Amino acid sequence: MHSTTRLEQTLPVPRRFLRRILIALGLCLLTGIGGTIGAGYILARPANRPVGPPPSDLGAVDVSIPSTSGTTLAGWFVQGRPGTGGILLLHGIHADRWALVSRARFLHQAGYSVLMIDFQAHGQSPGKHITFGYLESRDVEAAAAELGRRLPGEPLAAIGISMGGAAIVIAEHRLPFKTVVLESVYPTIESAMKARLVENLGPAGGLLAPLLLVQLHPRLGIWPRQLRPIEHVADLGVPVLIMSGSRDNHPTPAEARALFERAHEPKEFWEVPGAAHVDLHEVAPVEYERKVDALFERYLH
């Protein structure tokens, strides 16, 4: 012990200083690795909770829908005027069907039938992990098929919020929608993960994004290339309304516009003034309902 102390005292000052820096950097790296492992667990862990009965004013009924994601989806169905059409509503990450109730109300008042679901590992739908749109895309396919069975021959559309919109875009099979609304959808999982870390850890968090991304396959069995809506939005083949907040950080306005640019015509883009990554219907309900109602009136009727 005595000899080690004497040796350290004989080291030049710059070397001792460099050694301390390296130790500090090593501790920061270990802290960052631990933090990203924890962040990966938090982001992917199930967001299950009791949902309770539907709002009494909607007249909704409980539905159970088997999905190839490996679960049975819990949801609510609201019957509209016959022949008007049906709308599938899809929530974002860590939410459930209650986040969709205000949209369901205005759509039902316009005469549409509405189906709201809890994605796998959300609300009252069982699931082992949230998969950021991958398994959830199979839930979209199952719910769309269920809506078609309940409304044979009627036109269908969908509104997807954040992860819900990504699940629409990356669905493997062609969906039966005449038009879709995509709200605050990330362009790639790489940009989404980086934005989450920057939001929670500051600018240095972006440097740790690769440590979060490498967990996707060993933890969830997903490769990052399977979660890139920007590479599939052109395949939707239907008119699309893309909206995002002007103060959103995931996606940023530039990323939202890049997603829009890759979509095929006919398409429309709405940047909601002053909105971050929040409920856009709640921020600007009048304009939101005007735009969505006009879209559905044009393409469903």
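Located above this text is the structure these notes cover.
Residues numbered from 1 in each chain as written. Predicted model: local features only at pLDDT ≥ 70, side-chain atom pairs only at ≥ 80, totals over all residues. Heavy atoms only, no water.

A tally of helices and strands in the chain yields 11 helices and 10 strands. Here the chain holds 301 residues, and 51% of them are scored as buried. Within the chain, counting contacts between residues at least 6 apart in sequence, those at least 24 apart form 73% of the total. When the accessible area of the chain is evaluated, it comes to approximately 14,200 Å², of which 59% is carbon and sulfur surface. (Helix = DSSP H or I, 4+ residues; strand = E, 2+ residues; numbered from the N terminus. Buried < 20%, exposed > 50% of the residue type's maximum accessible area, 1.4 Å probe, protein only. Contact = heavy atoms within 4.5 Å. Areas by Shrake-Rupley, 256 points an atom, 1.4 Å probe, with all protein chains shown as cover.)

Let us look at the nonpolar core. Ranked by size, the top nonpolar core spans 59 residues in total, and within it Phe-132 and Leu-182 carry the most contacts. If sequence neighbours within four positions are ignored, Leu-182 has contacts with Gly-160, Gly-165, Ile-168, Val-169, Val-233, Leu-236, Val-240, Leu-241, Ile-242 and Met-243. By size, the runner-up hydrophobic cluster in this structure holds 31 residues, among which are Trp-76, Ile-87, Val-181 and Leu-241. (Core = buried A, V, L, I, M, F, W, Y, C linked by side-chain atoms within 4.5 Å.)

This part takes up the packing of helix H3 (residues 101–109) against helix H11 (residues 285–300). It is the contact of H3 with H11, at a shortest axis distance of 11 Å, that shows an interaxial angle of 50°. When the axis of H3 is compared with that of H11, the two are oblique. The chirality of how H3 crosses H11 is right-handed. On H11, the residues that touch Arg-103, Phe-106 and Leu-107 of H3 are Tyr-288, Glu-289, Val-292 and Phe-296. (Axes fitted to C-alpha atoms, helices over the stretch in contact; angles between N-to-C directions. Parallel < 35°, antiparallel > 145°, perpendicular 65-115°, else oblique. Left-handed = near helix turned anticlockwise from the far one by under 90°.)

On to the pairing of strand E10 (residues 267–272), then. Direction of pairing for strand E9 (residues 240–245) relative to E10: parallel, over a ladder of 6 bridges. Residue pairing for E10: Ser-244 is matched across the bridge by Glu-271. (Pairing = 2+ DSSP bridges.)

Time to look at the sheet that holds strand E3 (residues 72–78). Taken in spatial order, the 8 strands of this open sheet run E2-E3-E5-E4-E7-E8-E9-E10, and their pairing is mixed. Of all the strands in the sheet, just strand E2 (61–66) and E10 have a single pairing partner and so form its edges. Neighbouring strand axes in the sheet, compared pairwise and without regard to direction, differ in orientation by 20° on average. Direction of pairing for E2 relative to E3: antiparallel, over a ladder of 6 bridges. Bridge pairing links Val-61 to Phe-77 in E3.

So, on to the side chain of Ser-244. Within the secondary structure, Ser-244 is located in strand E9. For Ser-244, a relative accessible area of 2% translates into the label buried. Sequence-distant contacts of Ser-244, defined by excluding residues within four places in its chain, comprise Ser-184, Pro-251, Ala-256, Trp-270, Glu-271, Val-272 and Leu-280.

Before going further, it helps to examine helix H4 (residues 134–150). Relative to the 24 Å expected for 17 residues at 1.5 Å per residue, H4 spans 25 Å between its end C-alpha atoms, a close match to the ideal helical length. The set of residues buried in H4 consists of Leu-135, Glu-136, Ser-137, Asp-139, Val-140, Glu-141, Ala-142, Ala-143, Ala-144, Glu-146 and Leu-147. (Expected span 1.5 Å × (residues − 1).)

Within the sequence span of H3, burial applies to Val-101, Arg-103, Ala-104, Phe-106 and Leu-107. Following H3 by one or two positions, Gly-111 adopts a phi angle in the positive range, close to 105°.

Once that is clear, we can look at the pairing of strand E4 (residues 86–90). Within E4, 5 of the 5 residues are buried, which leaves the element mostly enclosed by the surrounding structure. Judged by which residues are buried, E4 turns out to be covered on both faces: Gly-86, Leu-88 and Leu-90 on one side and Ile-87 and Leu-89 on the other are all buried. Examined bridge by bridge, E4 and strand E5 (residues 113–117) share 4 bridges and lie parallel to one another. Residue pairing in the sheet places Ile-87 in a bridge with Val-114 of E5. You can see the chain leave E4, run along H3 and come back into E5, and the turn it takes is right-handed. The sheet contact formed by E4 and strand E7 (residues 156–161) spans 5 bridges and is parallel. Paired with Leu-90 across the strands is Gly-160, a residue of E7. (Right-handed = clockwise from strand over helix to strand, strands pointing away.)

The final tally for this structure, using the stated rule, is 4 aromatic pairs. Seen in terms of ring centroids, Tyr-112 and Phe-296 are 5.8 Å apart; in terms of plane orientation they differ by 75°. Their pairing is edge-to-face. Of this pair, Tyr-112 sits in the loop between H3 and E5 while Phe-296 sits in helix H11, and the two are 184 residues apart along the sequence. Judged by its relative accessible area of 1%, Tyr-112 is buried. What makes Phe-296 buried here is its relative accessible area of 0%. Where Phe-260 meets Phe-269, the ring centres are 5.5 Å apart and the plane angle is 50°; that geometry is what we call tilted. Its end group placed over the ring of Phe-77, Arg-150 keeps NZ or CZ at 4.9 Å from the ring centre. The ring of Phe-260 carries Lys-267 above its face, with NZ or CZ at 4.6 Å from the centroid. (Phe/Tyr/Trp six-rings, centres within 6.5 Å; stacked < 30°, edge-to-face > 60°. Lys NZ or Arg CZ within 6 Å of the ring centre and 35° of its normal.)

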